[in-house]
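Each chain, letter by letter, is given below.
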Amino acid sequence: MKKILSLLVLLVAFASCEEDVKFNTPAVQAFKGQNENKELWKATDFSAVKSGNSVIVTAKNDIETIVLKINNPVPGEPLGSEHELGVDELNKATYNMDVDGLQDFYQTGTGLGSGKITIRRPLDNNINATDGKGFISGTFYFNAVNDAGEIINYSEGVFYKVPIVTIQ
(Lines give C-alpha, C1' and ligand atoms only; values in the text may rest on other atoms or scores of the structure.)
Protein backbone atom coordinates (compact mmCIF):
# COMPACT_ATOMS: atom_id res chain seq x y z
CA MET A 1 0.00 0.00 0.00
CA LYS A 2 2.91 2.35 0.82
CA LYS A 3 4.37 1.78 -2.65
CA ILE A 4 1.07 2.61 -4.35
CA LEU A 5 0.62 5.73 -2.20
CA SER A 6 4.22 6.84 -2.90
CA LEU A 7 3.72 6.27 -6.61
CA LEU A 8 0.47 8.25 -6.54
CA VAL A 9 2.13 11.18 -4.73
CA LEU A 10 5.00 11.11 -7.21
CA LEU A 11 2.57 11.06 -10.13
CA VAL A 12 0.65 14.07 -8.75
CA ALA A 13 3.91 15.95 -8.15
CA PHE A 14 5.07 15.44 -11.75
CA ALA A 15 1.65 16.22 -13.19
CA SER A 16 1.50 19.55 -11.35
CA CYS A 17 4.86 20.76 -12.70
CA GLU A 18 4.47 23.41 -15.36
CA GLU A 19 7.12 24.62 -17.71
CA ASP A 20 6.64 28.15 -19.00
CA VAL A 21 9.14 28.36 -21.85
CA LYS A 22 9.38 31.52 -23.92
CA PHE A 23 11.19 31.56 -27.23
CA ASN A 24 12.81 34.68 -28.64
CA THR A 25 12.29 34.08 -32.33
CA PRO A 26 13.28 36.34 -33.97
CA ALA A 27 15.70 38.10 -31.62
CA VAL A 28 18.70 40.43 -31.33
CA GLN A 29 20.78 40.48 -28.17
CA ALA A 30 24.37 40.88 -26.94
CA PHE A 31 26.45 41.58 -23.88
CA LYS A 32 27.19 45.28 -23.42
CA GLY A 33 30.35 46.23 -21.52
CA GLN A 34 33.38 44.20 -20.54
CA ASN A 35 34.44 41.68 -17.90
CA GLU A 36 32.47 41.98 -14.65
CA ASN A 37 30.58 45.02 -15.99
CA LYS A 38 28.84 43.02 -18.74
CA GLU A 39 25.07 43.24 -18.92
CA LEU A 40 22.66 41.53 -21.30
CA TRP A 41 21.28 43.94 -23.91
CA LYS A 42 18.10 42.90 -25.73
CA ALA A 43 16.35 44.62 -28.58
CA THR A 44 12.62 45.17 -28.30
CA ASP A 45 12.29 46.15 -31.96
CA PHE A 46 14.40 45.08 -34.93
CA SER A 47 14.39 44.94 -38.70
CA ALA A 48 16.59 44.12 -41.68
CA VAL A 49 16.55 45.98 -44.97
CA LYS A 50 18.26 44.73 -48.13
CA SER A 51 19.32 47.32 -50.66
CA GLY A 52 21.63 46.39 -53.51
CA ASN A 53 24.46 44.21 -52.16
CA SER A 54 24.06 45.12 -48.52
CA VAL A 55 21.77 44.36 -45.61
CA ILE A 56 21.27 46.75 -42.69
CA VAL A 57 20.10 45.19 -39.42
CA THR A 58 18.66 47.72 -36.96
CA ALA A 59 17.95 46.75 -33.35
CA LYS A 60 16.43 49.07 -30.73
CA ASN A 61 15.28 49.23 -27.17
CA ASP A 62 13.82 52.27 -25.38
CA ILE A 63 16.91 54.50 -25.59
CA GLU A 64 19.57 52.57 -27.55
CA THR A 65 19.97 51.63 -31.21
CA ILE A 66 22.48 49.29 -32.81
CA VAL A 67 22.89 49.26 -36.60
CA LEU A 68 24.90 46.57 -38.39
CA LYS A 69 25.69 47.21 -42.05
CA ILE A 70 26.78 44.06 -43.90
CA ASN A 71 28.10 44.08 -47.46
CA ASN A 72 27.42 40.92 -49.51
CA PRO A 73 25.99 38.79 -46.69
CA VAL A 74 26.08 35.12 -47.66
CA PRO A 75 25.14 32.33 -45.27
CA GLY A 76 27.77 29.66 -45.26
CA GLU A 77 28.92 26.45 -43.70
CA PRO A 78 30.11 25.96 -41.08
CA LEU A 79 30.98 29.52 -40.04
CA GLY A 80 29.25 31.60 -42.69
CA SER A 81 30.57 34.72 -44.33
CA GLU A 82 32.66 36.88 -42.02
CA HIS A 83 32.74 40.66 -42.25
CA GLU A 84 35.51 42.55 -40.43
CA LEU A 85 34.66 45.87 -38.80
CA GLY A 86 37.04 48.82 -38.51
CA VAL A 87 38.46 48.21 -41.99
CA ASP A 88 36.16 50.21 -44.28
CA GLU A 89 32.69 51.77 -44.54
CA LEU A 90 31.13 48.77 -46.35
CA ASN A 91 30.84 46.71 -43.15
CA LYS A 92 30.03 48.88 -40.17
CA ALA A 93 28.50 48.89 -36.68
CA THR A 94 27.01 51.93 -34.97
CA TYR A 95 25.57 52.48 -31.51
CA ASN A 96 23.42 55.45 -30.55
CA MET A 97 21.98 56.29 -27.15
CA ASP A 98 19.34 59.01 -26.85
CA VAL A 99 18.31 60.04 -23.34
CA ASP A 100 16.01 63.07 -23.12
CA GLY A 101 17.43 64.53 -26.33
CA LEU A 102 21.07 64.03 -25.32
CA GLN A 103 22.73 61.70 -27.79
CA ASP A 104 25.93 59.68 -27.68
CA PHE A 105 27.04 58.13 -30.99
CA TYR A 106 29.69 55.42 -31.45
CA GLN A 107 30.83 53.78 -34.69
CA THR A 108 33.31 51.55 -36.46
CA GLY A 109 34.68 52.54 -39.84
CA THR A 110 37.90 52.96 -41.81
CA GLY A 111 40.62 52.69 -39.15
CA LEU A 112 38.01 53.19 -36.41
CA GLY A 113 37.03 50.52 -33.88
CA SER A 114 37.03 46.80 -34.51
CA GLY A 115 34.81 43.73 -34.56
CA LYS A 116 33.22 41.11 -36.76
CA ILE A 117 29.80 40.18 -38.13
CA THR A 118 29.29 36.55 -39.18
CA ILE A 119 26.30 35.45 -41.23
CA ARG A 120 25.09 32.02 -40.14
CA ARG A 121 23.08 29.42 -41.99
CA PRO A 122 19.78 29.17 -40.09
CA LEU A 123 19.00 25.98 -38.20
CA ASP A 124 16.32 25.05 -40.74
CA ASN A 125 19.03 25.13 -43.46
CA ASN A 126 17.29 27.81 -45.52
CA ILE A 127 20.03 28.65 -48.01
CA ASN A 128 18.04 31.66 -49.21
CA ALA A 129 18.28 33.35 -45.81
CA THR A 130 19.53 36.64 -47.21
CA ASP A 131 17.78 36.80 -50.58
CA GLY A 132 15.11 39.32 -49.54
CA LYS A 133 12.47 36.60 -49.30
CA GLY A 134 13.38 35.35 -45.85
CA PHE A 135 15.40 36.41 -42.89
CA ILE A 136 18.96 36.86 -41.69
CA SER A 137 20.78 35.19 -38.80
CA GLY A 138 24.28 35.62 -37.44
CA THR A 139 26.61 36.70 -34.69
CA PHE A 140 28.53 39.90 -33.98
CA TYR A 141 30.87 41.72 -31.66
CA PHE A 142 32.32 45.21 -31.89
CA ASN A 143 34.27 47.96 -30.17
CA ALA A 144 32.92 51.29 -31.43
CA VAL A 145 34.39 54.75 -30.78
CA ASN A 146 32.71 58.13 -30.21
CA ASP A 147 34.10 61.59 -31.07
CA ALA A 148 35.73 61.88 -27.62
CA GLY A 149 37.66 58.63 -28.23
CA GLU A 150 35.60 56.63 -25.71
CA ILE A 151 34.91 52.99 -26.59
CA ILE A 152 31.74 50.97 -26.17
CA ASN A 153 31.92 47.19 -26.33
CA TYR A 154 29.32 44.66 -27.47
CA SER A 155 30.24 40.96 -27.35
CA GLU A 156 28.60 37.58 -27.96
CA GLY A 157 25.92 39.28 -30.06
CA VAL A 158 23.29 37.27 -31.89
CA PHE A 159 20.66 38.20 -34.44
CA TYR A 160 18.34 35.32 -35.23
CA LYS A 161 15.72 35.07 -37.98
CA VAL A 162 15.32 38.83 -38.40
CA PRO A 163 12.89 39.31 -41.31
CA ILE A 164 14.34 41.04 -44.37
CA VAL A 165 12.54 43.67 -46.41
CA THR A 166 13.99 44.45 -49.85
CA ILE A 167 14.01 48.01 -51.20
CA GLN A 168 15.01 49.07 -54.69
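Now for a look at the structure at hand.

**Focus: the packing of aromatic side chains**
Now for step 1: Within the structure shown, the criterion is met by 6 aromatic pairs.
Now for step 2: Between Trp 41 and Tyr 154, the ring centres sit 5.9 Å apart and the planes meet at 90°, which makes this aromatic pair edge-to-face. Of the two residues, Trp 41 sits in strand 2 (residues 39–42) while Tyr 154 sits in strand 11 (residues 151–167), which places them 113 residues apart along the sequence.
Now for step 3: Among the aromatic side chains, those forming a connected cluster through ring pairs are Trp 41, Tyr 95, Tyr 106, Phe 140, Phe 142, Tyr 154 and Phe 159.
Now for step 4: Lying over the aromatic face of Phe 31, Lys 38 brings its terminal NZ or CZ to 5.3 Å of the ring centre.

**Describing the pairing of strand 5 (residues 64–71)**
Now for step 1: Along strand 5, the buried face is formed by Glu 64, Ile 66, Leu 68 and Ile 70; none of Thr 65, Val 67, Lys 69 and Asn 71, which line the opposite face, is buried.
Now for step 2: For strand 4 (residues 54–60) and strand 5, the ladder comprises 7 bridges, and the chain directions are antiparallel. For Lys 60, the partnering residue across the bridge sits in strand 5 and is Thr 65.
Now for step 3: Where strand 4 folds back onto strand 5 in an antiparallel hairpin, the turn is made up of 3 residues.
Now for step 4: Judged from the 6 bridges that link them, strand 5 and strand 7 (residues 92–99) form a sheet pairing that is antiparallel. Paired with Lys 69 across the strands is Lys 92, a residue of strand 7.

**Points about the side chain of His 83**
Now for step 1: Checked against the element boundaries, His 83 lands in strand 6 (residues 82–85).
Now for step 2: Beyond its immediate sequence surroundings of up to four residues, His 83 is in contact with Ile 70, Asn 71, Asn 72, Pro 73, Asn 91, Gly 115, Lys 116, Ile 117 and Ile 119.

What counts, and at which threshold
- Residues numbered from 1 in each chain as written.
- Predicted model: local features only at pLDDT ≥ 70, side-chain atom pairs only at ≥ 80, totals over all residues.
- Heavy atoms only, no water.
- Phe/Tyr/Trp six-rings, centres within 6.5 Å; stacked < 30°, edge-to-face > 60°.
- Helix = DSSP H or I, 4+ residues; strand = E, 2+ residues; numbered from the N terminus.
- Lys NZ or Arg CZ within 6 Å of the ring centre and 35° of its normal.
- Buried < 20%, exposed > 50% of the residue type's maximum accessible area, 1.4 Å probe, protein only.
- Pairing = 2+ DSSP bridges.
- Contact = heavy atoms within 4.5 Å.

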